[in-house]
Structures are given as C-alpha cells and as structure tokens.
Amino acid sequence: MKVFFDFDGTLTTKDSLIPFLIYTVGWPMALFKVILLLPLLCRYLFNREIRDEVKNRALQIYLSKFSKQELDQYASQFVTKILPTMMRPQAIALLEKHMANGDECILVSASIDLYLLPWVKQNGFVKLISTPYIGNNPTMMGKNCYGEEKVHQILKNYPDLSKEDSCAYGDTIGDIPMLKLVKKGFMWSNKEQKYLPFN
C-alpha cells in the first residue's frame, strides 16, 4: 500500500519552515527581517491567493545571502537538533506501524526540500514530493506543493495510483485534495488528538 503523509501539522506539531528560517539566521536577525515582510503579510491577511508570493519573498529575505553548501549544513543541523523536538508522537507511532507492515511511505509537503530531503532519507520514506528550493534570487522556489498541486505531483509520480491500495494523512484544507485522491484519507483532529477518517 502507498501511504502519503503531509508534514507540517501532520507529522509535526507545528509549521517547520519558520523555525528553519529562524534557526538559519538566528533570532535577532529573524525579527529584523520580518519587518521587511510586513507589507506582504498584511496583503496576505486579505488575499490568501498570494501564498506563493509570500513564501518566495520570505525565502528571498532570509536565505538569499547563503550559499547552497551553507544551507545544506544548516539543514543537516536543523534535522538533527530541531525537528526531533517538533514531531507528533502519535504520527511517529503511525509511521512506524505502516513501515513495519511494508507499506511505501511518501512525504508530500508544501515545505521546501532543502531540509525535508535529509529528514526523509533518515526516516525510511521511499520518496519526497515537496516544494523545490531553487535559490536563484529572486526565484527562490519552484511550484508550491499545496492543495491541488499535491494531487498533480502525486499523479505525476504515481499515474496508476487509482489501481493501487492507498491512504493519506493531513491536517488542513490544503491537504483535502490529497485526501480525496486516495482510497482512505485521514485528517488530524486537535480536539480528538488522533487521525479521523475523512472519506
């Protein structure tokens, strides 16, 4: 069976991109740089369609001065030091259960592959589908792997998915298209503190 996991809020207890940006530049600089993002963040409050623009601009402001080699080093440290403190215990238990059953686990995330790729390699996933980090200022990222884009990328990699047994886990409306795509979808419930059947 193919099992698709969202990352932020599903396998973790919170978003991972912001902690990565803070870890990379440090708290003082992170607070300073957020000032540069404020005009765009204010626009985002009234227009969620500019999600990609906000993310690309944030990556530009926070990461453009670093070389790829430097970012890879920060990513490796982040995966080792920070991500383990953010993981949801119920999710890790579920992941281990699927892997013990011999299921193919695939991570599907809107977060960037810069730090997700080393995490995936360490944790037994067969594939990562995520937002690619490009780092060519001002184009800092590829297509944002969110919402319907998750479905597009999954079907690009697994065109015969409808013929296979499959399930997926998510936690927000951005995961709903993915949950509808598979045979069985599950949504994390903060109230119930467990994954509830979605379809």
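All of these numbers come straight from a predicted model, not from anything done at the bench.

### With respect to the pattern of salt bridges
And step 1. Applying the stated criterion to the full structure yields 6 salt bridges.
And step 2. Salt-bridge contacts for Lys-2 lead to Glu-164; the nearest nitrogen and oxygen are separated by 2.6 Å. With Lys-2 in strand β1 (residues 2-5) and Glu-164 in the loop between α8 (148-157) and β6 (166-170), this residue pair connects regions lying 162 residues apart in the sequence.
And step 3. You can call Glu-164 partly exposed: its relative accessible area is 29%.
And step 4. For Glu-53, the salt bridge identified is with Arg-43, shortest N-O distance 3.4 Å. Of this pair, Glu-53 sits in helix α3 (residues 51-63) while Arg-43 sits in helix α2 (residues 27-46), and the two are 10 residues apart along the sequence.
And step 5. Here Glu-53 falls in the partly exposed class, since its relative accessible area comes to 38%.
And step 6. Look at the salt bridges and you will find they share partners, linking Lys-2, Glu-104 and Glu-164 into a network.

### A closer look at the UniProt feature "transmembrane region" (unreviewed entry) in the chain
And step 1. Residues annotated by UniProt as "transmembrane region" (unreviewed entry) correspond here to residues 20-46.
And step 2. Taken end to end, residues 20-46 comprises 96% helix and 0% strand; its first and last C-alpha atoms sit 26 Å apart.

### Some words on the nonpolar core
And step 1. Counting 45 residues, the largest nonpolar core has Phe-5, Leu-63, Leu-107, Tyr-115 and Trp-119 as its most contacted members.
And step 2. Counting 13 residues, the second-largest nonpolar core is a separate cluster that includes Phe-4, Ile-106, Leu-161 and Met-187.

Conventions used here
- Residues numbered from 1 in each chain as written.
- Predicted model: local features only at pLDDT ≥ 70, side-chain atom pairs only at ≥ 80, totals over all residues.
- Heavy atoms only, no water.
- Salt bridge = Lys/Arg side-chain N within 4 Å of Asp/Glu carboxyl O.
- Helix = DSSP H or I, 4+ residues; strand = E, 2+ residues; numbered from the N terminus.
- Buried < 20%, exposed > 50% of the residue type's maximum accessible area, 1.4 Å probe, protein only.
- UniProt positions renumbered as here; feature names shortened; annotations may be inferred.
- Core = buried A, V, L, I, M, F, W, Y, C linked by side-chain atoms within 4.5 Å.

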